Amino acid sequence: MVDHVAGVFVGFDVGTQGCKALAIDVASQQVVARASVAYGLLEGLPEGHLEQHPQTWLDAVAATARALWADVAPASVRGLGVSGQQHGAVVLDASAAVVRPAKLWCDTATAAEANELSERLGRPVPTGFTASKLLWLARHEPAHWAAVRHVLLPHDYVNFVLTDTLAMECGDASGTGWFDPRTRRFDPAAMAAIDPRLPELLPPLRPAGSLHGVLSARGAALLGLPVGVPVAQGGGDNMMSAIGSGAVAPGVVVASLGTSGTIFARSGVPVVDPAGLIAPFCSSDGGWLPLLCVMNATGPLVEIEQLTGLSHDALTEAARAVPVGCGGAQFVPFLVGERVPDLPNATGALLNLRPGSLRPGVLYRAALEGVGANLALGLQRLGQLGIVPNELRLVGGAAKNLLWQQILADLCGVPVRPLLEAESGALGAALQAQWSVLRQRDPDVALATLVTPFVQLGAAVPPDSRRAPAHRALLVRFDAAVQRLFGPTAHGG
């Protein structure tokens, strides 16, 4: 039986569109408080440049923390953890001040540098990974690069401000491009290909389940908490979402539907895709987390909402009346380029339009089908690497959409089950914090024991066999459209 530490644990999920926070109570095994703050990207940048200033994240973390204290006594907090958007490049100078805004995972301005690194290293380095951002910075902003003394990822930076401690963990680090997930070490050849001085700019690696540190005076003042509260290592948003959705043992496959879309599963061994489409990440609990990431998930839906002036609920109802395949109309939803297939400079496309194709319901269903088809083809690639789901758990803001649940079940050919707690990243960060604090007493405590009570599943949505032929045809048409538009891309097949 686990010797629980009584009290409250807090998780922050510092994302691209905002920060979400929640608090869990150990005694009741309930989420007892939650808060969120929205923010956006820096405006006025050239095409492909997508950036945020790290101060935006700190302001949001502070605001969400103080909102939690309306329902939770700060003195009851026994630990906290931070989930962060992956791949962003946070560069600090000798005084630990931010040198320039962070280039984000969705920034595609560094595609040329990513291609160059891929050729040098003989393996794919995706444009979204941090490595190409540093090479871009050295090439295009040499004065800024010369001032850099520390390179961090977004959640590492928040941890640093909270604790005054510089460190990195293997889960988030495995999305940099200079980390070997098989050995859990930085890759000397990759670091040298970026810049010979990169090794001296990186913080030390910490193992899963260890504490990052404790709240410093600065961190305590920011959050409104006492000095000395333990801070877990945290991790990338996908790694924390894996914990918060119960993917802490093999066999659980999760799809996260947010700004980007991801599908991942925990593995006890490294899973390396020769085509580089499935990221060979480490998990943040000591295992591995093979992961598919598409850059376009809810973004196209938001664009249609803004175009039509209709709510997502109204658009969903209109789309429900549209037959599978939208009468031939297709939406290839690569509005911000795409990672899988590897098309960082791609643009979106509406195809095969006929009278009536521009009705809101048709556009919305075509977007749901386009994003869903791209995810389903990625899931097929995971299957080729041995990750074959019996069901697909859904998390993220869009996971509650009943029509999209059915479309994904039909396209993927497996039942989908939404999690009742959509904020799996923040929940995972809180649970990892509880685990890390407990491990200081008992290193053998099982994370799954702590996670299980908090992972509650909604009703399963099975594939509709009557529509199976139509959806198989839709997948073939979508893949053919991508190849026709962008050349032979093949989803790793």
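Everything that follows concerns the structure shown earlier in this document.
Residues numbered from 1 in each chain as written. Predicted model: local features only at pLDDT ≥ 70, side-chain atom pairs only at ≥ 80, totals over all residues. Heavy atoms only, no water.

Draft legend 1. Up close: the packing of aromatic side chains. For the coordinates displayed, the defined rule picks out four aromatic pairs. Taken together, a centroid distance of 6.0 Å and an interplanar angle of 25° make the contact between Phe129 and Phe281 stacked. With a gap of 152 residues between them, Phe129 in the loop between α2 (111-121) and α3 (130-140) and Phe281 in strand β18 (residues 279-282) connect regions that are remote in the sequence. As far as burial versus exposure is concerned, Phe129 and Phe281 are alike and both buried. An aromatic cluster is built from Phe334, Phe478 and Phe486, whose rings are joined through pairwise contacts. (Phe/Tyr/Trp six-rings, centres within 6.5 Å; stacked < 30°, edge-to-face > 60°. Helix = DSSP H or I, 4+ residues; strand = E, 2+ residues; numbered from the N terminus. Buried < 20%, exposed > 50% of the residue type's maximum accessible area, 1.4 Å probe, protein only.)

Draft legend 2. Fine view of the side chain of His155. Structurally, the position occupied by His155 is in helix α5 (residues 154-163). Within the local environment of His155, its side chain forms a polar contact with the side chain of Asp172, the two groups lying 2.8 Å apart. Apart from residues no more than four positions distant in its own chain, His155 is found in contact with Val82, Ser83, Gly84, Glu169, Asp172, Gln233, Gly234, Gly235 and Gly236. (Polar contact = N/O pair within 3.5 Å; in protein donor to acceptor, adjacent residues only side chain to side chain. Contact = heavy atoms within 4.5 Å.)

Draft legend 3. Summary view of the environment of Ser210. Turning to its location among the elements, Ser210 is positioned in the loop between β12 (205-206) and β13 (211-214). Counting along the chain gives 225 residues from Ser210 to Trp435, while the straight-line C-alpha distance between them is 9.1 Å. Among the polar contacts listed, one links the side chain of Ser210 to the side chain of Gln233, at a separation of 3.4 Å.

Draft legend 4. The arrangement of the nonpolar core in detail. In terms of nonpolar packing, the biggest core is built from 58 residues, with Ile263, Leu292, Val332, Leu375, Leu392 and Trp404 touching the most fellow members. Among the elements that line this core, the one with the most residues is helix α13 (residues 360-384), at 13 residues. Ala60, Trp69, Tyr157 and Met295 belong to the second-largest nonpolar core, a separate cluster that totals 39 residues. (Core = buried A, V, L, I, M, F, W, Y, C linked by side-chain atoms within 4.5 Å.)

Draft legend 5. Fine view of helix α12 (residues 312-320). Inspection of α12 places Leu315, Thr316 and Ala319 among the buried residues, and these make up the whole buried set. Looking straight down α12, one finds its buried side chains confined to an arc of 105°; they lie on one side. For α12, the elements touching its buried residues are α11 (299-308), α13 and α14 (402-412). (Arc of directions from axis to C-beta.)

Draft legend 6. Molecular detail of unusual backbone geometry. Pro341 follows Val340 through a cis peptide bond whose omega is 0°. Looking at the element boundaries, Pro341 is found in the loop between β20 (330-332) and β21 (349-351). Here Gln29, not a glycine, exhibits a phi torsion of approximately 55°, which is positive. On the secondary structure map, Gln29 appears in the loop between β2 (18-25) and β3 (30-38). Note on Gln29: relative accessible area 32%, which makes it partly exposed.

Draft legend 7. Layout of the pairing of strand β22 (residues 392-395). Side-chain alternation along β22 places Leu392 and Leu394 on one buried face and Arg393 and Val395 on a second face that is also buried. Alignment of strand β16 (residues 253-257) against β22, held across three bridges, turns out to be parallel. Within β22, the position partnered with Val254 by the bridge is Arg393. Pairing geometry for β22 and strand β23 (residues 416-418), over three bridges, is parallel. Its bridge partner lying in β23, Arg393 is registered against Arg417. Following the backbone out of β22, through α14 and into the adjacent parallel β23, one traces a crossover that is right-handed. (Pairing = 2+ DSSP bridges. Right-handed = clockwise from strand over helix to strand, strands pointing away.)

Draft legend 8. The arrangement of the pattern of salt bridges in detail. With the rule as written, the count across this model stands at 19 salt bridges. A salt bridge links Glu51 to Arg100; the nearest nitrogen and oxygen atoms lie 3.2 Å apart. With Glu51 in strand β4 (residues 51-52) and Arg100 in the loop between β6 (90-92) and β7 (102-103), this residue pair connects regions lying 49 residues apart in the sequence. Between Arg381 and Asp273 there is a salt bridge; the shortest N-O distance is 2.4 Å. Residue Arg381 is located in helix α13, and its partner Asp273 is located in the loop between β17 (261-265) and β18; the two are separated by 108 residues in the primary sequence. Neither Arg381 nor Asp273 differs from the other in exposure class; each is buried. Within the structure, one salt-bridge network assembled from shared partners comprises Glu51, Arg100, Lys103, Asp107 and Glu141. (Salt bridge = Lys/Arg side-chain N within 4 Å of Asp/Glu carboxyl O.)

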